[in-house]
Amino acid sequence: LGGRKVEPIATPVPAPAPAPAPAPSPAPVCAAAPAAHTPAIDAGEVPDRIVSKDDLDDATDVLDDGHFEEAELLAEEVRRQAAADGDAAREADALRVVTKAQVRAATGISETPDIEVLEKALKAARSEAFAFEKNAELVAQAIMQLASAEIYLAMDSHAEA
């Protein structure tokens, strides 16, 4: 090429691809706050209740054992506490246990249930459902509608007998 130096034609070089965003770093672990410690229970010490169970579970267990009045009283106490705490869903759960106790007491061991008791329970359940609906507590309203359905079922069982 005759002594002349040939320069290569410059071609544009594509810009490097942007680096991927760095992965978010995990939240820092604070060594200052120790984990909660549950004290060990001495083998000779027996706790009076299972930690994960609550009073409403106790009421349900009592109801399943056939003690309707006691179950109703326990559930009513849970209902009062839930109402004081502003927990409408828990209040409705407790009211449902109350209505179950009333239904079981009304149907009892006789072949014909006490319709007056069932009608009173139904009226109370419907009234509570309306109150929950009025306060836009939809979950609590649904729980009370379920309680009403259970009462209707008990009434239908009587009608078919």
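Just above, that's the structure.
Residues numbered from 1 in each chain as written. Predicted model: local features only at pLDDT ≥ 70, side-chain atom pairs only at ≥ 80, totals over all residues. Heavy atoms only, no water.

## Concerning the environment of proline 113
Note that proline 113 resides in the loop between α3 (88-107) and α4 (115-134). Proline 113 gets classed as buried once you look at its relative accessible area, which sits at 11%. In the structure, proline 113 is positioned 10 residues away from valine 103 in sequence and 8.5 Å away in space, judged by C-alpha atoms. (Helix = DSSP H or I, 4+ residues; strand = E, 2+ residues; numbered from the N terminus. Buried < 20%, exposed > 50% of the residue type's maximum accessible area, 1.4 Å probe, protein only.)

## Topic: the packing of helix α1 (residues 55-64) against α3
α3 packs onto α1 with a crossing angle of 10 degrees between their chain directions and a minimal axis gap of 11 Å. On the basis of the axis angle, α1 is roughly parallel to α3. Side by side, α1 and α3 meet where Asp55, Leu56, Ala59, Thr60, Leu63 and Asp64 of the first sit next to Arg90, Asp93, Ala94, Val97, Lys100, Ala101 and Arg104 of the second. Taken together, the residues of the contact of α1 with α3 sort by class into six nonpolar, one polar and six charged. (Axes fitted to C-alpha atoms, helices over the stretch in contact; angles between N-to-C directions. Parallel < 35°, antiparallel > 145°, perpendicular 65-115°, else oblique. Contact = heavy atoms within 4.5 Å. Nonpolar A, V, L, I, M, F, W, Y, C, P; charged D, E, K, R; others polar.)

## Some thoughts on helix α2 (residues 68-85)
Between the first and last C-alpha of α2 there are 26 Å, a value that for 18 residues agrees with the 26 Å anticipated at 1.5 Å per step. Buried within α2 are the following residues: Ala71, Ala75, Val78, Arg79 and Ala82. All buried residues of α2 project into a common sector of 105 degrees when viewed along the axis, lining one side. Along α2, the residues that are exposed and aim more than 90 degrees away from the buried face are Glu69, Leu73 and Ala84. For α2, the secondary structure elements touched by its buried residues are α1 and α3. Note on α2: the residue one or two positions beyond its end, glycine 86, has a positive phi of about 75 degrees. (Expected span 1.5 Å × (residues − 1). Arc of directions from axis to C-beta.)

## Section: the nonpolar core
For soluble globular proteins, nonpolar side chains are generally found buried alongside one another. Counting 18 residues, the largest nonpolar core has Ala92, Leu118, Phe132, Met144 and Ile151 as its most contacted members. The greatest single-element share of this core, amounting to seven residues, is contributed by helix α5 (residues 138-160). Excluding anything up to four places from it in sequence, phenylalanine 132 contacts Ala88, Glu91, Ala92, Leu95, Glu137, Ala140, Gln141 and Met144. The next biggest cluster of nonpolar side chains, apart from the first, holds seven residues, and it includes Ala59, Ala75, Val78 and Ala94. (Core = buried A, V, L, I, M, F, W, Y, C linked by side-chain atoms within 4.5 Å.)

## Structural notes on the side chain of arginine 79
Its location among the elements puts arginine 79 in helix α2. Reaching out from arginine 79, the side chain makes a polar contact with the side chain of glutamate 76 at a distance of 2.6 Å. For arginine 79, the contacting residues outside a window of four places in its chain are Glu91, Ala94 and Leu95. (Polar contact = N/O pair within 3.5 Å; in protein donor to acceptor, adjacent residues only side chain to side chain.)

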